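Residue-level listing of the chains:
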Amino acid sequence: MKRNIYGFALLFMLLSFVLCGCSSKEDEQSVKVLRLAETYKSDYVTAAADFEFARLVEEKSGGLIKIEVHTDGELGKKEDIPGKISDGEIDIARVGLGELGKGSDVLEKGELPFIFKNKGHMWRSLEQILGPKLDLELSLKNTKIIGYMDTGARSVYTTVPVEKPEDFENLRIRTNTFSNYSADYFVSFGVINVKLDSEDDVTKAFEEKTIDGAEDSIINYYDSGHYKYAPNLLKIEYRYLPDMLIINNGVFSKLSPKEQDIITSAATEACASQRENFEKKEKETEEKLISEGCKITIPSDTFKDVLLSVAEFTFKQLPRPDVEVTLLEQVRDMR
(Lines give C-alpha, C1' and ligand atoms only; values in the text may rest on other atoms or scores of the structure.)
Protein backbone atom coordinates (compact mmCIF):
# COMPACT_ATOMS: atom_id res chain seq x y z
CA MET A 1 0.00 0.00 0.00
CA LYS A 2 2.81 2.39 0.93
CA ARG A 3 4.55 1.47 -2.33
CA ASN A 4 1.42 2.48 -4.28
CA ILE A 5 1.17 5.80 -2.38
CA TYR A 6 4.82 6.55 -3.12
CA GLY A 7 4.22 5.60 -6.74
CA PHE A 8 1.21 7.94 -7.08
CA ALA A 9 3.14 10.75 -5.38
CA LEU A 10 6.07 10.32 -7.75
CA LEU A 11 3.75 10.19 -10.76
CA PHE A 12 1.99 13.37 -9.56
CA MET A 13 5.30 15.17 -9.20
CA LEU A 14 6.41 14.12 -12.67
CA LEU A 15 3.12 15.23 -14.23
CA SER A 16 3.31 18.57 -12.40
CA PHE A 17 6.83 19.12 -13.70
CA VAL A 18 5.85 18.26 -17.26
CA LEU A 19 2.73 20.40 -17.15
CA CYS A 20 4.61 23.37 -15.68
CA GLY A 21 7.29 22.99 -18.32
CA CYS A 22 4.68 22.94 -21.10
CA SER A 23 2.91 25.97 -19.69
CA SER A 24 6.18 27.91 -19.49
CA LYS A 25 7.05 26.96 -23.07
CA GLU A 26 3.61 27.97 -24.33
CA ASP A 27 3.86 31.32 -22.53
CA GLU A 28 7.24 31.92 -24.13
CA GLN A 29 5.89 31.07 -27.58
CA SER A 30 2.93 33.41 -27.15
CA VAL A 31 5.22 36.47 -26.96
CA LYS A 32 5.56 38.13 -30.37
CA VAL A 33 8.93 39.76 -31.08
CA LEU A 34 9.17 42.30 -33.93
CA ARG A 35 12.39 43.89 -35.15
CA LEU A 36 12.55 47.64 -35.85
CA ALA A 37 15.29 49.06 -38.06
CA GLU A 38 16.71 52.53 -37.39
CA THR A 39 19.66 54.06 -39.22
CA TYR A 40 20.11 57.01 -36.85
CA LYS A 41 22.41 56.71 -33.86
CA SER A 42 20.84 55.55 -30.61
CA ASP A 43 21.13 58.98 -28.97
CA TYR A 44 19.35 60.85 -31.79
CA VAL A 45 15.96 62.41 -31.01
CA THR A 46 14.16 60.20 -33.56
CA ALA A 47 15.74 56.99 -32.23
CA ALA A 48 14.39 57.96 -28.81
CA ALA A 49 10.90 57.82 -30.32
CA ASP A 50 11.59 54.28 -31.56
CA PHE A 51 12.41 53.20 -28.02
CA GLU A 52 9.30 54.98 -26.72
CA PHE A 53 7.23 53.11 -29.31
CA ALA A 54 8.73 49.81 -28.12
CA ARG A 55 8.00 50.69 -24.50
CA LEU A 56 4.39 51.59 -25.26
CA VAL A 57 3.80 48.42 -27.26
CA GLU A 58 5.13 46.22 -24.46
CA GLU A 59 3.10 48.13 -21.87
CA LYS A 60 -0.15 48.09 -23.85
CA SER A 61 0.21 44.38 -24.71
CA GLY A 62 1.08 43.32 -21.18
CA GLY A 63 4.44 42.10 -22.40
CA LEU A 64 2.99 39.88 -25.14
CA ILE A 65 4.45 41.99 -27.95
CA LYS A 66 8.05 43.14 -27.81
CA ILE A 67 9.79 45.48 -30.24
CA GLU A 68 13.54 45.03 -30.66
CA VAL A 69 15.00 48.38 -31.74
CA HIS A 70 18.18 48.13 -33.83
CA THR A 71 19.86 51.53 -34.31
CA ASP A 72 23.00 52.74 -36.13
CA GLY A 73 22.08 50.93 -39.34
CA GLU A 74 22.58 47.54 -37.69
CA LEU A 75 19.92 45.93 -39.92
CA GLY A 76 21.09 47.51 -43.15
CA LYS A 77 21.85 50.71 -45.02
CA LYS A 78 19.06 53.27 -45.23
CA GLU A 79 18.58 52.74 -48.97
CA ASP A 80 18.07 48.99 -48.41
CA ILE A 81 15.56 49.19 -45.55
CA PRO A 82 12.34 49.77 -47.61
CA GLY A 83 13.09 46.68 -49.70
CA LYS A 84 13.75 44.59 -46.60
CA ILE A 85 10.40 45.71 -45.13
CA SER A 86 8.64 44.84 -48.38
CA ASP A 87 10.27 41.38 -48.42
CA GLY A 88 9.48 40.75 -44.75
CA GLU A 89 13.14 40.51 -43.76
CA ILE A 90 12.49 43.33 -41.27
CA ASP A 91 9.16 43.88 -39.50
CA ILE A 92 9.13 47.63 -38.77
CA ALA A 93 11.35 50.56 -39.71
CA ARG A 94 11.73 54.30 -39.49
CA VAL A 95 12.47 55.46 -43.01
CA GLY A 96 13.12 58.75 -44.75
CA LEU A 97 11.27 59.74 -47.88
CA GLY A 98 14.59 59.95 -49.68
CA GLU A 99 14.72 56.15 -49.54
CA LEU A 100 11.00 55.42 -49.70
CA GLY A 101 10.04 57.99 -52.32
CA LYS A 102 12.00 56.78 -55.30
CA GLY A 103 9.56 55.76 -58.01
CA SER A 104 6.60 57.43 -56.29
CA ASP A 105 5.19 60.36 -58.29
CA VAL A 106 3.37 61.91 -55.35
CA LEU A 107 6.41 61.69 -53.06
CA GLU A 108 8.77 63.06 -55.69
CA LYS A 109 6.46 65.98 -56.42
CA GLY A 110 6.19 66.55 -52.69
CA GLU A 111 9.81 67.72 -52.91
CA LEU A 112 8.75 70.76 -54.90
CA PRO A 113 9.89 73.97 -53.14
CA PHE A 114 7.36 75.71 -50.89
CA ILE A 115 4.54 73.20 -51.52
CA PHE A 116 3.96 73.38 -47.77
CA LYS A 117 3.74 76.75 -46.06
CA ASN A 118 4.82 75.37 -42.68
CA LYS A 119 4.81 72.18 -40.60
CA GLY A 120 1.19 72.54 -39.57
CA HIS A 121 0.19 72.78 -43.21
CA MET A 122 2.21 69.63 -44.00
CA TRP A 123 0.62 67.60 -41.18
CA ARG A 124 -2.90 68.65 -42.23
CA SER A 125 -2.13 67.78 -45.85
CA LEU A 126 -0.87 64.33 -44.90
CA GLU A 127 -3.91 63.63 -42.78
CA GLN A 128 -6.53 64.83 -45.24
CA ILE A 129 -5.10 64.48 -48.77
CA LEU A 130 -1.68 62.90 -49.22
CA GLY A 131 -1.85 60.19 -46.56
CA PRO A 132 -4.52 58.04 -48.27
CA LYS A 133 -2.60 58.28 -51.56
CA LEU A 134 0.63 57.23 -49.89
CA ASP A 135 -1.12 54.35 -48.11
CA LEU A 136 -2.36 53.04 -51.45
CA GLU A 137 1.03 53.32 -53.13
CA LEU A 138 2.86 51.60 -50.29
CA SER A 139 0.28 48.82 -49.97
CA LEU A 140 1.42 47.72 -53.43
CA LYS A 141 4.89 47.30 -51.91
CA ASN A 142 3.56 45.18 -49.02
CA THR A 143 4.12 48.12 -46.68
CA LYS A 144 1.84 50.01 -44.29
CA ILE A 145 2.37 53.44 -42.72
CA ILE A 146 1.73 53.52 -38.96
CA GLY A 147 3.10 56.98 -38.16
CA TYR A 148 4.79 60.16 -39.34
CA MET A 149 7.82 61.78 -37.72
CA ASP A 150 9.31 65.26 -38.03
CA THR A 151 12.58 65.76 -39.91
CA GLY A 152 12.59 69.53 -39.89
CA ALA A 153 12.52 72.14 -42.63
CA ARG A 154 15.32 72.30 -45.18
CA SER A 155 17.40 75.44 -45.49
CA VAL A 156 20.72 76.39 -47.14
CA TYR A 157 24.10 76.90 -45.51
CA THR A 158 27.08 78.43 -47.27
CA THR A 159 30.69 79.50 -46.83
CA VAL A 160 29.78 83.09 -47.74
CA PRO A 161 26.65 85.02 -46.73
CA VAL A 162 23.62 84.87 -49.04
CA GLU A 163 21.37 87.86 -48.39
CA LYS A 164 19.79 88.42 -51.82
CA PRO A 165 19.01 86.25 -54.88
CA GLU A 166 22.11 87.39 -56.78
CA ASP A 167 24.35 86.02 -54.03
CA PHE A 168 23.47 82.48 -55.18
CA GLU A 169 25.19 83.05 -58.53
CA ASN A 170 27.90 80.44 -59.25
CA LEU A 171 27.82 78.94 -55.76
CA ARG A 172 28.49 75.19 -55.78
CA ILE A 173 25.76 73.70 -53.59
CA ARG A 174 24.98 70.09 -52.80
CA THR A 175 21.26 69.30 -52.70
CA ASN A 176 20.27 66.14 -50.85
CA THR A 177 17.11 65.06 -52.66
CA PHE A 178 15.70 61.99 -54.40
CA SER A 179 14.07 64.01 -57.21
CA ASN A 180 15.45 66.78 -59.41
CA TYR A 181 12.92 69.42 -58.39
CA SER A 182 14.94 71.02 -55.60
CA ALA A 183 18.19 70.87 -57.57
CA ASP A 184 16.54 72.50 -60.59
CA TYR A 185 15.03 75.14 -58.33
CA PHE A 186 18.41 76.31 -57.08
CA VAL A 187 19.91 76.15 -60.57
CA SER A 188 17.29 78.77 -61.51
CA PHE A 189 19.21 81.18 -59.24
CA GLY A 190 22.54 80.45 -60.93
CA VAL A 191 23.63 77.75 -58.45
CA ILE A 192 25.92 74.99 -59.68
CA ASN A 193 24.37 71.78 -58.38
CA VAL A 194 26.86 69.27 -56.95
CA LYS A 195 25.85 65.65 -56.48
CA LEU A 196 27.40 63.90 -53.48
CA ASP A 197 26.16 60.62 -52.00
CA SER A 198 26.96 60.75 -48.30
CA GLU A 199 27.47 63.21 -45.47
CA ASP A 200 31.11 62.11 -45.31
CA ASP A 201 31.49 63.09 -48.97
CA VAL A 202 30.01 66.51 -48.17
CA THR A 203 32.43 67.01 -45.28
CA LYS A 204 35.36 66.04 -47.50
CA ALA A 205 34.14 68.43 -50.21
CA PHE A 206 34.02 71.28 -47.69
CA GLU A 207 37.52 70.42 -46.49
CA GLU A 208 38.83 70.38 -50.05
CA LYS A 209 36.87 73.56 -50.90
CA THR A 210 35.12 71.92 -53.85
CA ILE A 211 31.66 73.05 -52.67
CA ASP A 212 30.40 76.34 -51.27
CA GLY A 213 27.32 75.07 -49.51
CA ALA A 214 24.63 72.47 -48.99
CA GLU A 215 21.02 72.19 -47.87
CA ASP A 216 19.63 70.28 -44.92
CA SER A 217 17.70 70.61 -41.67
CA ILE A 218 19.15 72.77 -38.93
CA ILE A 219 19.77 69.74 -36.68
CA ASN A 220 21.69 67.83 -39.37
CA TYR A 221 23.61 71.03 -40.19
CA TYR A 222 24.87 71.12 -36.62
CA ASP A 223 25.29 67.38 -35.96
CA SER A 224 27.27 66.87 -39.18
CA GLY A 225 29.71 69.61 -38.16
CA HIS A 226 29.19 71.38 -41.48
CA TYR A 227 28.62 74.65 -39.66
CA LYS A 228 32.38 74.74 -39.05
CA TYR A 229 33.00 75.02 -42.79
CA ALA A 230 29.87 76.93 -43.83
CA PRO A 231 28.90 79.24 -40.95
CA ASN A 232 26.17 81.09 -42.86
CA LEU A 233 22.66 79.64 -42.60
CA LEU A 234 20.00 81.08 -44.89
CA LYS A 235 16.82 80.04 -43.09
CA ILE A 236 14.43 79.77 -46.03
CA GLU A 237 12.71 76.52 -44.87
CA TYR A 238 11.78 75.79 -48.46
CA ARG A 239 10.98 72.11 -48.09
CA TYR A 240 9.15 70.00 -45.49
CA LEU A 241 8.86 66.24 -45.74
CA PRO A 242 8.30 63.77 -42.88
CA ASP A 243 9.90 60.49 -41.98
CA MET A 244 7.63 57.47 -41.72
CA LEU A 245 7.23 54.56 -39.33
CA ILE A 246 6.29 51.60 -41.53
CA ILE A 247 5.47 47.94 -40.99
CA ASN A 248 5.41 44.92 -43.27
CA ASN A 249 1.80 44.42 -44.36
CA GLY A 250 1.97 40.64 -43.99
CA VAL A 251 3.20 40.97 -40.40
CA PHE A 252 0.49 43.50 -39.58
CA SER A 253 -2.33 41.46 -41.14
CA LYS A 254 -1.40 38.41 -39.05
CA LEU A 255 -1.92 40.36 -35.84
CA SER A 256 -5.30 40.21 -34.12
CA PRO A 257 -7.48 43.36 -34.27
CA LYS A 258 -6.53 44.08 -30.65
CA GLU A 259 -2.82 43.70 -31.42
CA GLN A 260 -3.14 45.91 -34.50
CA ASP A 261 -4.75 48.59 -32.36
CA ILE A 262 -1.89 48.33 -29.86
CA ILE A 263 0.68 48.83 -32.63
CA THR A 264 -1.10 51.77 -34.28
CA SER A 265 -1.98 53.57 -31.03
CA ALA A 266 1.58 53.18 -29.71
CA ALA A 267 2.95 54.51 -33.01
CA THR A 268 0.61 57.51 -32.86
CA GLU A 269 1.71 58.37 -29.33
CA ALA A 270 5.42 57.84 -30.00
CA CYS A 271 5.32 59.93 -33.19
CA ALA A 272 3.48 62.76 -31.42
CA SER A 273 6.19 62.71 -28.74
CA GLN A 274 8.90 62.76 -31.41
CA ARG A 275 7.41 65.83 -33.09
CA GLU A 276 7.31 67.72 -29.81
CA ASN A 277 10.86 66.73 -28.86
CA PHE A 278 12.15 67.48 -32.36
CA GLU A 279 10.89 71.07 -32.22
CA LYS A 280 12.58 71.54 -28.85
CA LYS A 281 15.78 70.12 -30.32
CA GLU A 282 15.58 72.57 -33.24
CA LYS A 283 15.38 75.56 -30.90
CA GLU A 284 18.26 74.26 -28.78
CA THR A 285 20.33 73.67 -31.93
CA GLU A 286 19.74 77.19 -33.23
CA GLU A 287 20.97 78.59 -29.92
CA LYS A 288 24.09 76.40 -30.14
CA LEU A 289 24.83 77.60 -33.67
CA ILE A 290 24.56 81.23 -32.60
CA SER A 291 26.88 80.58 -29.65
CA GLU A 292 29.37 79.02 -32.09
CA GLY A 293 29.40 82.25 -34.10
CA CYS A 294 27.23 81.16 -37.01
CA LYS A 295 25.23 83.79 -38.87
CA ILE A 296 21.54 82.90 -39.28
CA THR A 297 19.82 85.00 -41.94
CA ILE A 298 16.06 85.28 -42.35
CA PRO A 299 15.37 86.36 -45.97
CA SER A 300 13.90 89.82 -46.39
CA ASP A 301 10.34 90.15 -47.68
CA THR A 302 11.69 91.07 -51.12
CA PHE A 303 14.02 88.06 -51.15
CA LYS A 304 11.20 85.79 -49.96
CA ASP A 305 8.92 87.07 -52.74
CA VAL A 306 11.52 86.07 -55.33
CA LEU A 307 11.97 82.64 -53.74
CA LEU A 308 8.20 82.06 -53.82
CA SER A 309 7.73 83.37 -57.37
CA VAL A 310 10.41 81.03 -58.74
CA ALA A 311 8.77 78.14 -56.85
CA GLU A 312 5.41 79.12 -58.36
CA PHE A 313 6.92 79.17 -61.86
CA THR A 314 8.41 75.71 -61.24
CA PHE A 315 5.04 74.35 -60.14
CA LYS A 316 3.24 75.76 -63.18
CA GLN A 317 5.64 73.91 -65.49
CA LEU A 318 4.28 70.56 -64.31
CA PRO A 319 2.15 68.72 -66.90
CA ARG A 320 -1.63 68.98 -66.58
CA PRO A 321 -3.92 67.15 -66.16
CA ASP A 322 -2.00 64.94 -63.76
CA VAL A 323 -3.33 63.07 -60.71
CA GLU A 324 -0.41 64.02 -58.46
CA VAL A 325 -0.46 67.64 -59.60
CA THR A 326 -4.18 67.80 -58.86
CA LEU A 327 -3.50 66.47 -55.35
CA LEU A 328 -0.82 69.07 -54.78
CA GLU A 329 -3.12 71.81 -56.03
CA GLN A 330 -5.58 70.68 -53.36
CA VAL A 331 -2.75 70.82 -50.83
CA ARG A 332 -1.85 74.37 -51.85
CA ASP A 333 -5.50 75.41 -51.56
CA MET A 334 -5.40 74.40 -47.88
CA ARG A 335 -3.10 77.30 -47.06
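Here, residues in each chain are numbered from 1, in the same order as that chain's written sequence. Note on the predicted model: pLDDT of at least 70 is required for a residue's local features to be given, and 80 or more for side-chain atom pairs to be given and counted; whole-chain, interface and lining totals, by contrast, use all residues. The basis for every side-chain value is the complete set of heavy atoms in the structure, and neither hydrogens nor water enter the calculation.

*Asks:* Looking at this structure, I do not really get the pattern of salt bridges. What am I missing?
*Replies:* A pair can form between side chains of opposite charge whenever their charged atoms are brought close. Any carboxyl oxygen of Asp or Glu within 4 Å of a side-chain nitrogen of Lys or Arg constitutes a salt bridge here. This structure, assessed with the given rule, holds 22 salt bridges. The salt bridge partner of Glu-52 is Arg-55, with a shortest N-O separation of 2.9 Å. Note that Glu-52 and Arg-55 are positioned in helix α2 (residues 45-60) at a spacing of 3 residues, about one turn of the helix. Exposure remark for Glu-52: the relative accessible area of 24% places this residue in the partly exposed category. Within this structure, Glu-111, Arg-154, Glu-215, Asp-216 and Arg-239 form a network of salt bridges that share partners. Secondary structure elements follow DSSP: runs of H or I no shorter than four residues count as helices, runs of E no shorter than two count as strands, and numbering proceeds from the N terminus. The cut-offs for exposure are 20% and 50% of the maximum accessible area for each residue type, with area from a 1.4 Å probe on protein chains only; residues under the lower value are buried, those over the upper are exposed, and the others partly exposed.

*Asks:* What's the story with unusual backbone geometry in this structure? I'm lost.
*Replies:* Residues other than glycine predominantly adopt negative phi, and peptide bonds predominantly adopt the trans conformation. Residues other than glycine seldom take positive phi values, yet Phe-114 does so here, at roughly 60 degrees. Along the polypeptide, Phe-114 turns up in the loop between α5 (105-109) and α6 (119-139). Taking relative accessible area as the criterion, Phe-114 reaches 9% and is therefore assigned buried. At Asn-170, a position not held by glycine, the phi torsion is positive, near 70 degrees. With respect to the helices, strands and loops of the structure, Asn-170 is situated in the loop between β5 (153-158) and β6 (172-174).

*Asks:* Would you take a moment to explain the packing of α6 against helix α13 (residues 323-333) for this structure?
*Replies:* A pair of packed helices is characterised by two quantities: the angle between their axes and the separation of those axes. Axis definition: a line fitted to C-alpha atoms, limited for helices to the stretch in contact. Angles are taken between N-to-C directions and run from 0 to 180 degrees. Two elements in contact, α6 and α13, have axes whose closest approach is 10 Å; the angle formed by their N-to-C orientations is 160 degrees. When the interaxial angle is binned, α6 and α13 end up roughly antiparallel. Taken as a pair, α6 and α13 cross one another with a handedness that is right-handed. Packed against α6, whose contacting residues are His-121, Ser-125, Ile-129, Leu-130, Lys-133 and Glu-137, the element α13 presents Val-323, Glu-324, Leu-327, Leu-328, Gln-330 and Val-331 at the interface. Oblique is the label for every angle not falling under 35 degrees (roughly parallel), over 145 degrees (roughly antiparallel), or within 65 to 115 degrees (roughly perpendicular). Handedness of a crossing is defined here by the sense of rotation of the near helix relative to the far one, left-handed for an anticlockwise turn of less than a right angle and right-handed for a clockwise turn. Contacts were defined at the residue level, with two residues in contact if any of their heavy atoms lie within 4.5 Å.

*Asks:* Just to check I follow, could you spell out helix α8 (residues 199-207) for this structure?
*Replies:* Among all positions of α8, only Val-202, Thr-203, Ala-205 and Phe-206 are buried. One side of α8 holds all its buried residues, which, seen down the axis, span an arc of 160 degrees. Where α8 is buried, its residues contact β5, β6 and β8 (213-216). Looking one or two residues past α8, Lys-209 carries a phi angle of roughly 60 degrees, positive in sign. Working note: the arc is built from the helix axis to C-beta atom directions.

*Asks:* For this particular structure, what's the right way to read the sheet that holds strand β1 (residues 32-37)?
*Replies:* Within a sheet, adjacent strands bond to each other through the backbone by hydrogen bonds, running parallel or antiparallel. DSSP calls a pair of strands paired once it identifies at least 2 bridges connecting them. Taken together, 5 strands build an open sheet; the order of strands is β2-β1-β3-β10-β4 and the sheet is mixed. Two strands in the sheet have a free side with no partner beyond their single neighbour: β2 (65-70) and β4 (143-149). When the angles between neighbouring strand axes are averaged without regard to direction, this sheet yields 25 degrees. Of the pairings in the sheet, the one linking β1 to β2 comprises 6 bridges and is parallel in character. By the bridge assignment, Ala-37 is partnered in β2 with His-70. This element, α2, spans β1, β2, β3 (92-95), β4 and β10 (243-248) of the sheet and lies at about 165 degrees to β2. Against the sheet, α6 makes contact with β4 and β10, and its axis sits at roughly 155 degrees relative to β4, the strand it touches most.

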